[in-house]
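Summary of structural features
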Amino acid sequence: MAFDPAILVQYWPLFLQGAWLTIQISVQAFLLGYTLGIAVALLGLMPGRLPRLAAASYVEVLRAIPFIIILFVIYYGLPFSGLRLPAPLVGTVALGLFASAYYAEIVRAGILALPRGQFESARAIGMSPLQAMRHIVGPQVARAIVPPSTNMTLTMIKESAVLSSITVPELTYQGLVVQGNTFAPFEVFAAVTLIYWGITLAVAGAAHRLERRLGVAQARSVSRNRLAASYLLLERESAR
Amino acid sequence: MSFQFAYLAGLMPNLAVAALVNLRLSAMIIVLALIGGTALTILRSLKIRPVNAIIAVLISFIRGTPLLIQIFLFYYVLPAIGLDLSPTVAGVAAIALNSSIFISETMRGALITIDPGQIEAATALSLPRHLVWAKVILPQLFRRVLPVLVNEATIVVKGTALLSVITVVDVLRTAQQIASASYRPFETLIGAALVFLAINLTISLLGRRVEGRFAVQRA
């Protein structure tokens, strides 16, 4: 079987459109998901049993159900209640909801990891509330939440492929369309796969730079013990 | 149209039977992924440069592309190069490979938390390499990655719902078949959601209990 680049030459506008929609949907779902996630995290940290239970149930339920089923329930459930919305909008909202459960857990853990009294101490040495947030609390919370948030965002971008099953014309959908027209799965999925790979590598790279700027601890001290390293390290130590 | 609870209750037995398909496939995938992930970890520890380079690309690829696309690759592309797999086999292979990679990455993180002194002690007792792995490293490693494995199990269960897209008759596809006959998609999909909720909450709960037992043993 030979790789036929003519297919990619002929259909590249479809792949491009699909990739662009995937990026747009991911950005919107990220904004929606993170906003909701922060709200749910704050709800869970409120005093009293009821808000905590509500937040915990929201997180547990959304995390236990496959995204494809969350998507279908919303997509088929809305017309049921008399509301008919375009598939890309439904898909974006569903993706945002799905991600919000994970973001909520990340934000909650980030806030709980903050040592007590940081804000008060900053105020006590004469910082304004804004300065305390900007210089003391903000950086510490950011350092804790950026790495897991990056992971979750990459997961979310990848989950967006599932939107193809409700006919949202994103990258995977366009791939399946071209595959239906050409019966050339190898070329089509090679292209789709490489585009996804490129998108996630770009996001991971940007997040990595952000982590460096925030001073997230990089690679832990590598064992200097050669014998132990031969078992416990999976990479060769970089030459120093 | 109103939500009919009686209808939902009536179709739960059908969905529960279909859930056995998801459970059976999930169990197979988790066993395969645990074996695959462990083998991959030991292989990587040998630090054979070309082998590790290939594995590094594979890891980046699996982590950087959607599981759905990986399932499509096994289902649509392998037949094109002469390897015709049934939808079930293709799906199980795709998710198992995906999960192996994630388990191996977890193990990589857990390995460096093992005390180097134990390796020195085992070597001083002239324990051969395979026994250092089998008797010293792996038992501790499995214990350390257990919480992540429980989480990975729920991810695998959720992943099996994607197999409905390549025509495996699982909970979701059964729900869709029922819905296309009855024109009540909302209730049937809620039913499918409830099935997954029940399975995954049970796994999390069991996982927490098992972890609790290990914690007591360690103390």
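Keep in mind it's a predicted model, so treat the numbers as computed, not measured.

Now for empty space enclosed by the protein. All names here are of chain B. Taken as a whole and assessed by the stated rule, the structure comprises one cavity of 30 Å³ or more. Of the pockets and cavities examined, the largest cavity occupies roughly 40 Å³. Taken together, Phe 102, Ile 103, Thr 106, Met 107, Val 145, Val 148, Leu 149 and Glu 152 make up the full set of residues lining the largest cavity. Elements with a minimum of two residues in the lining of the largest cavity: α4 (87-111) and α6 (129-160).

Attention now goes to the UniProt feature "domain: ABC transmembrane type-1" (unreviewed entry) in chain B. The feature "domain: ABC transmembrane type-1" (unreviewed entry), as annotated in UniProt, sits at residues 19-207 of chain B in this numbering. Along residues 19-207 of chain B one finds 84% helix and 0% strand; the C-alpha atoms at either end are 20 Å apart.

Right, let's get into the confidence of the model for chain B. All names here are of chain B. Per-residue confidence for chain B gives a mean pLDDT of 93, with 97% of residues at or over 70. Here helix α8 (residues 185-218) stands out as the element of chain B with the lowest mean pLDDT, 89, in contrast to α4, whose mean of 96 is the highest. The complex model carries a pTM of 0.91, and its ipTM stands at 0.91.

Another point: the UniProt feature "domain: ABC transmembrane type-1" (unreviewed entry) in chain A. The UniProt record annotates "domain: ABC transmembrane type-1" (unreviewed entry) at residues 19-207 of chain A. Between the C-alpha atoms that bound residues 19-207 of chain A the distance is 20 Å, and the span itself is 82% helix and 0% strand.

Residue and element names in this part refer to chain B. The geometry of helix α1 (residues 5-45) relative to α6 is characterised by a closest axis approach of 9 Å and an angle of 140 degrees between their N-to-C directions. By the angle between their directions, the pair α1 and α6 is classed as oblique. Considering how the two elements wind past one another, α1 and α6 form a crossing that is right-handed. Residue-level contacts link Asn 22, Leu 25, Ser 26, Ile 29, Ile 30, Leu 34, Thr 38, Ile 42 and Ser 45 of α1 to Arg 129, Trp 133, Leu 138, Phe 142, Leu 149, Ala 153, Val 156, Val 157 and Thr 160 of α6. Partitioning the contact of α1 with α6 into residue classes produces twelve nonpolar, five polar and one charged.

With that out of the way, let us pick up the side chain of Thr 41 of chain B. Mapped onto the fold, Thr 41 of chain B is located in helix α1. Apart from residues no more than four positions distant in its own chain, Thr 41 of chain B is found in contact with Leu 234 of chain A together with Ser 104, Met 107 and Leu 111 of chain B.

The rules behind these values
- Residues numbered from 1 in each chain as written.
- Chains lettered and ligands numbered in written order.
- Predicted model: local features only at pLDDT ≥ 70, side-chain atom pairs only at ≥ 80, totals over all residues.
- Heavy atoms only, no water.
- 1 Å grid on protein atoms, 1.4 Å probe; cavity = no way out; pocket = protein on both sides within 12 Å on 5 of 7 lines; lining within 4 Å.
- Points joined across faces, edges and corners; volume = space filled by probe spheres on them.
- Helix = DSSP H or I, 4+ residues; strand = E, 2+ residues; numbered from the N terminus.
- UniProt positions renumbered as here; feature names shortened; annotations may be inferred.
- pLDDT = per-residue confidence, 0-100.
- Axes fitted to C-alpha atoms, helices over the stretch in contact; angles between N-to-C directions.
- Parallel < 35°, antiparallel > 145°, perpendicular 65-115°, else oblique.
- Left-handed = near helix turned anticlockwise from the far one by under 90°.
- Contact = heavy atoms within 4.5 Å.
- Nonpolar A, V, L, I, M, F, W, Y, C, P; charged D, E, K, R; others polar.

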